[in-house]
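Coordinates in review
For reference, the chains in residue letters:
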Amino acid sequence: MRISGTFLDEITHDIPSNNWGRAEWAEDFRIMKSIGIDTVIMIRAGVGRTAVCPSQVLSEQADIFPVYEDLVELFLDLAEENEMAFFFGTYDSATRPSRERTLDQEVQLGKDFIDEVWQKYGHRSAFKGWYLTFELGKMEKHRVECLRQLGAHCKGLSPHLPNMISPYLHGRKLVDDPISLDQHCEDWNEILGVLAGAVDIVAFQDGQVDYDDLPDFLRANRELITKHGMQAWSNVESFDRDVPFDFPPLDWRKLWWKMQAAEQSGVEKLITFEFSHFMSPNSCWPAAKNLFNRYCDHLRKAGELD
Amino acid sequence: MRISGTFLDEITHDIPSNNWGRAEWAEDFRIMKSIGIDTVIMIRAGVGRTAVCPSQVLSEQADIFPVYEDLVELFLDLAEENEMAFFFGTYDSATRPSRERTLDQEVQLGKDFIDEVWQKYGHRSAFKGWYLTFELGKMEKHRVECLRQLGAHCKGLSPHLPNMISPYLHGRKLVDDPISLDQHCEDWNEILGVLAGAVDIVAFQDGQVDYDDLPDFLRANRELITKHGMQAWSNVESFDRDVPFDFPPLDWRKLWWKMQAAEQSGVEKLITFEFSHFMSPNSCWPAAKNLFNRYCDHLRKAGELD
Amino acid sequence: MRISGTFLDEITHDIPSNNWGRAEWAEDFRIMKSIGIDTVIMIRAGVGRTAVCPSQVLSEQADIFPVYEDLVELFLDLAEENEMAFFFGTYDSATRPSRERTLDQEVQLGKDFIDEVWQKYGHRSAFKGWYLTFELGKMEKHRVECLRQLGAHCKGLSPHLPNMISPYLHGRKLVDDPISLDQHCEDWNEILGVLAGAVDIVAFQDGQVDYDDLPDFLRANRELITKHGMQAWSNVESFDRDVPFDFPPLDWRKLWWKMQAAEQSGVEKLITFEFSHFMSPNSCWPAAKNLFNRYCDHLRKAGELD
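By the naming in an unreviewed UniProt entry, chain A goes by DUF4434 domain-containing protein and is assigned to Acaryochloris marina.

Structure below.
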């Protein structure tokens, strides 16, 4: 099983920018395609006052900073050139305490932006799904409700397109109060129950628990997701959470363990966060080029790459 | 408006070394020149027991470690070859608690070193100013007095040369008790009043406050600096303070916002901390090469670069 | 005096992986050889559930994850091709609180693994010593006893091969309660007394104290080690402990200071932790390439490199 999807992250709060222009992105899409990536998921269209595309809604309601170029347009162009499916990541207001929005305001802003986006980009042939950008790791009623309403709104506009989420594991590598597997299952059974009909694909992140605990989480997640009538993918993170700074590319052996564990759990598809910083030969982290080479060696040995 | 000055930082406590030799520095000056940099500011000649040039004063009074090569000589050579102005950054004893100097001792050491430096390098045609290396963000009477005395001493030696400082903003991204804009203005009105006659150029750092708060700080600073008869420059930082480790090259879009804000505030010149680590195609941070390319794209679009 | 040995670190908890394959390792050994490295020390064969070679003992007793390739085999091949001595680093169970081993269990597991390793790789001509992987900085009776027993066990199997340790300095850059030089000497006099007969080479790490305190520690260490009939080497660390993230390549000037200090202390050999990440032209840290160039410049000036 190979990694056939990746997030696109050019707007984030914790990953340094590659500072790529159009030519660099075009080259990276070409390389993604060459190793079998058919799906690209833009992690978010905006966060706080930063956005990746011009938007009247975000200008008026979120007072965004000037947009240098329309990355959605660029990503759609490149996805079409490379025959990939593009998932559009929604907006996260990431409200600061002094400017908080209520749940209703957050949802309303989200919906208005989704309407604008759908009108502007919905006709593009690569526009194949929505990515609901709010992440959560355990029951948080407000976030779940937000996801449910935004997912339902997307469904209303584009009933034929899948909605995707990528939750994290509330695990030892992320938090000081890691969740037990039992509690995780209880929470996610309830969450996915609420989200049924609003979410089609669930791709749990896989980097927050120890490697020996991961198989149990993967299996439990796959079962819960299937039970609720959704598709289970795995987000095989390609950055390393085990070293003193956040984040370098992952050690190849860890990627290999996690891919095996995901395959054994029975998920339908492997995606990664994310190719361009952590697995690309063009990444600004030189170790990413080597991770790419190790990954390609592995595919070749398995006869999955020429 | 383009960035026409940069700090040179090969002696610091928080930026990893590029480990460049003469050839690498020569190439970097050539590139700086090609994009319009006409001013280089050596951030400090020494800190604690480390110095960038041999010095009898620092050997005797600060017990400095052996100096591998005379970087001042190198930087002056390269500044002259490339017709740039060189600002000499003074010495910071950065006294450890166990070996503290009094204010008088710090100032006396600073003056002795400035005398030695002026005798040794003052005749060089690229020696065009002094950079007073002590940074501060709000009223600290000792530091201000130190700056005033060192600045006055430089004026005594070289009345025709400008003295420069580059204070920081005591802002949210740096400290837990950020200063209000009003308090900032009150403090800096008093500080610049004390420094009148001892300082000619003030280039505030721009990275410690949120992007949406920056325009107000820039405007207030420009007005205060003008009021006190000094020149206002802006130190458009090219490293990123928004990510989990200190520090990668800045996202191009953030540099672009800050350059626009600086231009609108009416400053006379843009400089950066600093080109060689964070904007150079030769930097050890590969993203710096891409930031350089994005910056050049931008200059070309504006017709400011061939 | 030049650096003639290096650790090999492809299994660790705090250094991001270079993600090298066989070709990259082969090239790096060739470069090590070209600058006079004749000794390579694998820092550990395994830690926790990760191992660098297949092992029945570790599979049964430590439940290790799948091993992607046998790096011991690879390192021995390359050491033989390049006529280097290879030191085998033992296993560290790094027990998590929930799965602790007693001292006896840790030692028994270590011995069983050493037996297996000796049978499997002991005949290789490059197998020239053991590296006892447990590090300590001051008296810790359990760790010392563990080192003593493992060292004695290796001596039993291979009386002709040296055993090496590389302790750290319990210094200001590592801990909040730095040890005094006097206490350091008292502790290490006792520790080395216990280890006499079980350890042949002691290569203290040199990065945890200030550069001005280092010469005293180096001299004291050399004297203590000689007194106890062992060989004194110095582990001249090539990564930087003075910057905000852990760890970039060292500033060349700091390496130069530390090499001089080590030479003056009278140690017999300089090694480094470690070449491939921090001094190699192939490292994923571009500054390492420049550190390599500065180091080679220095050797050439001294007539020690063509």
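That shown, we press on.
A count of helices and strands for chain A gives 10 helices and 11 strands. Its C-alpha atoms give chain A a radius of gyration of 18 Å, within 12% of the compact-globule value 19 Å for 306 residues. Projecting the C-alpha coordinates of chain A onto the three principal axes gives extents of approximately 50 × 45 × 40 Å. Across the 306 residues of chain A, 64% fall into the buried class. Sequence-distant contacts in chain A: of pairs separated by 6 or more residues, those separated by 24 or more amount to 78%. Here chain A contributes 32 positive and 50 negative side-chain charges, whose respective centroids are spaced 2 Å apart.

Turning to the packing of helix H8 (residues 252–265) of chain A against helix H10 (residues 286–301) of chain A, a few remarks are in order. Residue and element names in this part refer to chain A. With their axes 10 Å apart at the nearest point, H8 and H10 run at an angle of 45° to one another. It follows from the interaxial angle that H8 and H10 lie oblique. The crossing of H8 and H10 is right-handed. Where H8 approaches H10, its residues Trp252, Leu255, Trp256 and Met259 are matched on the opposing element by Leu291, Arg294, Tyr295 and His298.

For any two helices packed against each other, the geometry is given by the interaxial angle and the distance between the axes. Residues and elements named next belong to chain A. Interhelical geometry of helix H4 (residues 103–121) versus helix H5 (residues 141–157) gives an angle of 25° and a closest axis separation of 10 Å. Judged by the inter-axis angle, H4 sits roughly parallel to H5. You can see that H4 and H5 cross each other, and the crossing is right-handed. Facing Leu103, Glu106, Val107, Gly110, Lys111, Ile114, Asp115 and Trp118 of H4, the residues of H5 in contact are His142, Glu145, Cys146, Gln149, Leu150, His153, Cys154 and Leu157. By residue class, the composition of the contact of H4 with H5 is eight nonpolar, four polar and four charged.

This part covers the sheet that holds strand E4 (residues 50–51) of chain A. All names here are of chain A. Strand order across the open sheet formed by three strands is E4-E3-E6, with mixed pairing between neighbours. Taken across any chain shown, the strands that pair with only one partner, and hence form the sheet edges, are E4 and strand E6 (91–92). Judged from the two bridges that link them, strand E3 (residues 46–47) and E6 form a sheet pairing that is parallel. Following the sheet pairing, valine 47 is matched in E6 by aspartate 92.

All right, on to the interface of chain C and chain B then. Taken residue by residue, the interface counts 24 residues in chain C and 26 residues in chain B. The three residues of chain C that bury the most area against chain B are Asp212, Arg253 and Trp257 of chain C, which together make up 27% of that side's buried surface. Our count for the contact surface shared by chain C and chain B stands at three salt bridges. For arginine 253 of chain C, the salt bridge identified is with glutamate 10 of chain B, shortest N-O distance 3.4 Å. On inspection of chain C and its partner chain B, the count reaches nine residue pairs in polar contact (both at pLDDT 80 or more).

What follows is about the packing of aromatic side chains. Tallying each qualifying case throughout the model produces 93 aromatic pairs over all chains. Judged by centre distance (5.8 Å) and plane angle (55°), the rings of phenylalanine 7 of chain A and phenylalanine 273 of chain A are tilted. Placement of the pair is phenylalanine 7 of chain A in strand E1 (residues 3–8) and phenylalanine 273 of chain A in the loop between strand E11 (269–272) and helix H9 (275–278), with a sequence separation of 266 residues. Their ring planes at 80° and their centres at 4.9 Å tell us that tryptophan 188 of chain C and phenylalanine 204 of chain C sit as a pair that is edge-to-face. Pair noted here: tryptophan 188 of chain C is in helix H6 (residues 181–195) and phenylalanine 204 of chain C is in strand E9 (residues 201–205), with a separation of 16 residues, a long-range link. The class for tryptophan 188 of chain C is buried, based on a relative accessible area of 0%. An aromatic cluster of at least three residues, connected via ring pairs, comprises Phe86, Phe88, Tyr91, Phe113, Trp118, Tyr121, Phe127 and Trp130 of chain A. Seen from the ring of tryptophan 233 of chain A, lysine 269 of chain A lies directly overhead, with NZ or CZ sitting 5.5 Å from the centre.

Of the two same-sequence chains, chain A is brought onto chain B (RMSD 0.0 Å, axial shift 0.0 Å) by a rotation of 120°. A rotation of that kind, with that shift, is consistent with a three-fold axis. It is phenylalanine 245 of chain A whose C-alpha, among those of chain A, lies nearest the rotation axis, at 3.7 Å. The share of interface residues of chain A whose copies in chain B are also at the interface is only 11%, consistent with the copies meeting through different surfaces.

To continue, consider the sheet that holds strand E5 (residues 85–89) of chain A. The strand order around the closed barrel formed by eight strands is E1-E2-E5-E7-E8-E9-E10-E11 (chain A), and the pairing between neighbours is parallel. Here the average twist between neighbouring strands, direction ignored, is 30°.

As a further point, take helix H1 (residues 22–34) of chain C. Helical geometry note: an α-helix holds 3.6 residues per turn, so side chains three or four residues apart project in the same direction. The terminal C-alpha atoms of H1 of chain C, which comprises 13 residues, lie 19 Å apart, in line with the 18 Å expected from a rise of 1.5 Å per residue. Residues of H1 of chain C that are buried include every one of Glu24, Trp25, Asp28, Phe29, Ile31 and Met32 of chain C, and no others. Down the axis of H1 of chain C, the smallest arc covering the buried residues is 165°, so these residues share one side. Those residues of H1 of chain C that are buried lie in contact with H10 of chain A together with strand E1 (3–8), strand E2 (39–42), helix H3 (71–81), helix H9 (275–278) and helix H10 (286–301) of chain C. In the stretch just after H1 of chain C, glycine 36 of chain C is the one whose phi turns positive, near 95°.

The operation relating chain C to chain B is a screw motion whose rotation component is 120°, with 0.0 Å of axial translation and a residual RMSD of 0.0 Å. Comparing interface residues between copies, only 12% of those in chain C also lie at the interface in chain B; the contact surfaces differ.

The partner chain B presents 24 residues to the 27 residues of chain A that form the contact. Considering only the side of chain A, the residues that lose the most area to chain B are Asn19, Phe65 and Tyr68 of chain A, jointly responsible for 35% of the buried surface there. Inspection of the region where chain A meets chain B yields three salt bridges. Viewed at the interface, chain B and chain A are joined by nine residue pairs in polar contact (both at pLDDT 80 or more).

Take helix H3 (residues 71–81) of chain B next. Buried residues of H3 of chain B: Leu71, Val72, Leu74, Phe75, Leu76, Leu78 and Ala79 of chain B, and no others. Just beyond H3 of chain B, the residue with positive phi is glutamate 83 of chain B, at close to 50°.

To continue, consider empty space enclosed by the protein. What the rule picks out here adds up to 11 cavities of 30 Å³ or more. Approximately 240 Å³ is the volume found for the largest cavity. Looking at the largest cavity, it is lined by 25 residues, and the ones nearest its centre are Trp285 of chain A, Trp285 of chain B together with Cys284, Trp285 and Pro286 of chain C. Looking at the lining of the largest cavity, the elements that each hand over two or more residues are H10 of chain A together with H10 of chain C. In the lining of the largest cavity, the residues fall into 19 nonpolar, six polar and no charged.

It is worth spelling out unusual backbone geometry at this point. The phi angle of most residues is negative, glycine excepted, and most peptide bonds adopt the trans form. Residue phenylalanine 247 of chain A follows aspartate 246 of chain A across a cis peptide bond; omega there is -5°. Among the structural elements, phenylalanine 247 of chain A can be located in the loop between strand E10 (231–235) and H8. Of note in the backbone geometry, asparagine 19 of chain C takes a positive phi value of approximately 60° without being a glycine. Of note, asparagine 19 of chain C is situated in the loop between E1 and H1. Take asparagine 19 of chain C: its relative accessible area is 3%, and that puts it in the buried class. One non-glycine residue, glutamate 83 of chain C, lies in the positive phi region at around 55°. Its place among the elements puts glutamate 83 of chain C in the loop between H3 and strand E5 (85–89).

Turning next to the side chain of serine 55 of chain A. Residues and elements named next belong to chain A. Positionally, serine 55 belongs in the loop between E4 and helix H2 (56–62). A distance of 2.9 Å separates the side chain of serine 55 from the backbone nitrogen of leucine 58, its partner in a polar contact. Polar contacts involving the side chain of serine 55 include one to the side chain of glutamate 116, which spans 2.6 Å. Setting aside anything within four residues of it in sequence, one finds serine 55 in contact with Ile64, Phe113 and Glu116.

For the rest of this paragraph, the subject is the environment of glutamate 100 of chain C. Locating glutamate 100 of chain C in the fold gives a position in the loop between strand E6 (91–92) and helix H4 (103–121). In this structure the C-alpha to C-alpha distance between glutamate 100 of chain C and serine 238 of chain C, which are 138 residues apart in sequence, comes to 33 Å.

Calculation rules
- Residues numbered from 1 in each chain as written.
- Chains lettered and ligands numbered in written order.
- Predicted model: local features only at pLDDT ≥ 70, side-chain atom pairs only at ≥ 80, totals over all residues.
- Heavy atoms only, no water.
- Helix = DSSP H or I, 4+ residues; strand = E, 2+ residues; numbered from the N terminus.
- Rg over C-alpha atoms; globule rule 2.2 N^0.38 Å.
- Buried < 20%, exposed > 50% of the residue type's maximum accessible area, 1.4 Å probe, protein only.
- Contact = heavy atoms within 4.5 Å.
- Lys, Arg positive; Asp, Glu negative; His and termini not counted.
- Charge placed at Lys NZ, Arg CZ, Asp CG, Glu CD.
- Axes fitted to C-alpha atoms, helices over the stretch in contact; angles between N-to-C directions.
- Parallel < 35°, antiparallel > 145°, perpendicular 65-115°, else oblique.
- Left-handed = near helix turned anticlockwise from the far one by under 90°.
- Nonpolar A, V, L, I, M, F, W, Y, C, P; charged D, E, K, R; others polar.
- Pairing = 2+ DSSP bridges.
- Buried area = accessible area lost by both parts, 1.4 Å probe.
- Salt bridge = Lys/Arg side-chain N within 4 Å of Asp/Glu carboxyl O.
- Polar contact = N/O pair within 3.5 Å; in protein donor to acceptor, adjacent residues only side chain to side chain.
- Phe/Tyr/Trp six-rings, centres within 6.5 Å; stacked < 30°, edge-to-face > 60°.
- Lys NZ or Arg CZ within 6 Å of the ring centre and 35° of its normal.
- Least-squares fit on C-alpha atoms with pLDDT ≥ 70 in both.
- Expected span 1.5 Å × (residues − 1).
- Arc of directions from axis to C-beta.
- 1 Å grid on protein atoms, 1.4 Å probe; cavity = no way out; pocket = protein on both sides within 12 Å on 5 of 7 lines; lining within 4 Å.
- Points joined across faces, edges and corners; volume = space filled by probe spheres on them.

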